[in-house]
Amino acid sequence: MTAVDDGLAAEWEALAAVASEPNSYGEYWFVRAALKHFRGDETVRLAQVRDGLGELVGILPLASTAQYGRLPIAAVTNWVHLQCYCGEPLIRAGSEFAFWTALLDLLDRSEWASKILTLRLIYGDGPIRKALDEAAAASRRPLHVAQRYVRATLTSDIDPEAYIETTVRPKKRKELRRQAKRLAEQGEVRFEQLARSDAIAPWCDQYLALEAAGWKGKGGTALNINPASEEFFREIMNDAHDLGRVDFLRLTLDDRPIAMLVNLRSPPAIWSYKITYDESLARFSPGVLIELETIALVLGDPEIRFADSCAKADHSMINTLWGERQMIEQVTVSLKGPVRLPAYLLCRNVDQLGASLRRKRKPKS
């Protein structure tokens, strides 16, 4: 698959509006751009499940891989590229069990599906994960959690000031107040949010320049160093802005951007996507200061109930600011067939052995 046609795009957009668990990274505008810029030599198949009336009830991009970890066992997996931080399928609320049942049946019958199904970066709770367990049990197929970790989220009904008061340590709050005061002594500090009526291209230019001036630029990982990454960034920013799916934020000092942050929004949820800051002003922690402003925006937004940091486990900055946690899992499911079950059992045994070894190496607190 190389593109998403307009008809499917409209169905996909309608599905996102009624999904049981929203996911900006799984919406058509994001996946369409990713297919254009990141697919490479991969064969990406778009698994679609439809009801008896032909209406789309679930969608998930799939790719094949020749290895499962270090094992030479072919697998089919949800397609998760380097700039995708949530691998959940989009499924119409109430159709979760039907989606997994139909998908697993399809994979059982498909030669290209290889031995096993592995699902990366999915939430460890909620109706989608629960329905996967139920569908696997109903079809008498084993599954196991190959990996799991928790990452910071923001879910609260209290006002931003009270949230920061209860979540951020007193010593940390005092230090951040001091840094904000010292920064204000350098010039006029303003926090701004891109409006729907504003052009997004100048903001993208500023973001890319600010990121390239820092450690990512020096390390060769800044977005504008790789043409595909820059083109992808600009395309999804344009599309998300047109659809009202992005919150683009910046902190300025005398009108010069010193921190910028991008959130992707699919109400009632928001996903962190990108953040950068002026490293010459690191002593003032501009990246942390813009995150504090983000807390106020998220908790003050009547459309939003949940924000996912999309950060790594034990992230040293965001874990000190956001108090809630979300379990993230990689789940591996056996497909049916005489060769497939032994392959699955080998993968499961290796995963369990690896988890046991990691627990033994983990320092005792």
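What counts and how
- Residues numbered from 1 in each chain as written.
- Predicted model: local features only at pLDDT ≥ 70, side-chain atom pairs only at ≥ 80, totals over all residues.
- Heavy atoms only, no water.
- Helix = DSSP H or I, 4+ residues; strand = E, 2+ residues; numbered from the N terminus.
- Rg over C-alpha atoms; globule rule 2.2 N^0.38 Å.
- Buried < 20%, exposed > 50% of the residue type's maximum accessible area, 1.4 Å probe, protein only.
- Areas by Shrake-Rupley, 256 points an atom, 1.4 Å probe, with all protein chains shown as cover.
- Lys, Arg positive; Asp, Glu negative; His and termini not counted.
- Charge placed at Lys NZ, Arg CZ, Asp CG, Glu CD.
- Core = buried A, V, L, I, M, F, W, Y, C linked by side-chain atoms within 4.5 Å.
- Contact = heavy atoms within 4.5 Å.
- Pairing = 2+ DSSP bridges.
- Expected span 1.5 Å × (residues − 1).
- Arc of directions from axis to C-beta.
- Salt bridge = Lys/Arg side-chain N within 4 Å of Asp/Glu carboxyl O.

## With respect to the overall build of the protein
Phase 1: Along the protein, the regular secondary structure elements total 11 helices and 12 strands.
Phase 2: The globule rule puts the C-alpha radius of gyration for 365 residues at 21 Å, and the 22 Å found for the protein is close to it.
Phase 3: Judged by the C-alpha coordinates and their principal axes, the protein covers about 70 × 55 × 40 Å.
Phase 4: Here the protein, with 365 residues, has 49% of them falling under the buried criterion.
Phase 5: Counting only carbon and sulfur atoms, one obtains 52% of the accessible surface of the protein, whose full area is about 17500 Å².
Phase 6: Charge-centre separation for the protein: the mean point of 48 positive side chains lies 10 Å from the mean point of 48 negative side chains.

## Brief notes about the nonpolar core
Phase 1: In terms of nonpolar packing, the biggest core is built from 51 residues, with Met-237, Phe-248 and Tyr-273 touching the most fellow members.
Phase 2: The dominant element in this core, judged by the number of residues it contributes, is helix H2 (residues 28-38), at 7 residues.
Phase 3: If we skip the residues at most four places from it in the chain, Tyr-273 touches Tyr-25, Phe-30, Gln-83, Tyr-85, Phe-232, Phe-233, Ile-236, Met-237, Val-262, Asn-263 and Leu-264.
Phase 4: Residues Leu-249, Leu-253, Ile-290 and Ile-304 belong to the second largest nonpolar core, which totals 29 residues.

## Considerations on the pairing of strand E9 (residues 256-266)
Taken residue by residue, a regular strand's side chains alternate between the two faces of the sheet.
Phase 1: Within E9, 10 of the 11 residues are buried, which leaves the element mostly enclosed by the surrounding structure.
Phase 2: Relative to E9, strand E8 (residues 246-253) runs antiparallel, the two sharing 8 bridges. For Asp-247, the partnering residue across the bridge sits in E9 and is Asn-263.
Phase 3: The turn joining E8 and E9, which pair antiparallel and follow one another in sequence, is formed by 2 residues; a positive phi near 50° is taken by Asp-254.

## Considering unusual backbone geometry
Phase 1: A cis amide bond links Pro-267 to the next residue, Pro-268, at an omega of 15°.
Phase 2: Here Pro-268 is to be found in the loop between E9 and strand E10 (269-277).
Phase 3: Positive phi, close to 55°, is recorded for Arg-140, a residue that is not glycine.
Phase 4: For Arg-140, the position within the fold is in the loop between helix H4 (127-138) and strand E6 (143-154).

## Quick look at helix H11 (residues 340-361)
Phase 1: The end-to-end C-alpha distance of H11, which contains 22 residues, comes to 32 Å, matching closely the 32 Å that a straight helix rising 1.5 Å per residue would cover.
Phase 2: Every buried residue of H11 is accounted for by Arg-340, Ala-343, Tyr-344, Cys-347 and Asp-351. The buried residues of H11 occupy an angular sector of 100° when projected down its axis, which confines them to one face. Pointing more than 90 degrees away from the buried face of H11 are the exposed residues Leu-353 and Lys-360.
Phase 3: Each element contacted by the buried residues of H11 is listed here: helix H3 (96-108), strand E5 (116-123), E6 and strand E12 (324-334).

## Some remarks on the side chain of Gln-179
Phase 1: By the secondary structure assignment, Gln-179 is in helix H6 (residues 170-184).
Phase 2: Ignoring sequence-local partners within four residues, the contact set of Gln-179 consists of Arg-283, Phe-284 and Ser-285.

## Description of the pattern of salt bridges
Phase 1: Within this structure, the stated rule accounts for 24 salt bridges.
Phase 2: Residues Arg-50 and Glu-11 are paired through a salt bridge, measuring 2.7 Å at the closest nitrogen-oxygen approach. Note that Arg-50 is positioned in strand E1 (residues 44-50) and Glu-11 in helix H1 (residues 6-17), a separation of 39 residues in sequence.
Phase 3: By relative accessible area, Arg-50 is classed as partly exposed at 35%.
Phase 4: Put simply, Glu-165 and Arg-173 hold a salt bridge, and the shortest N to O gap is 3.1 Å.

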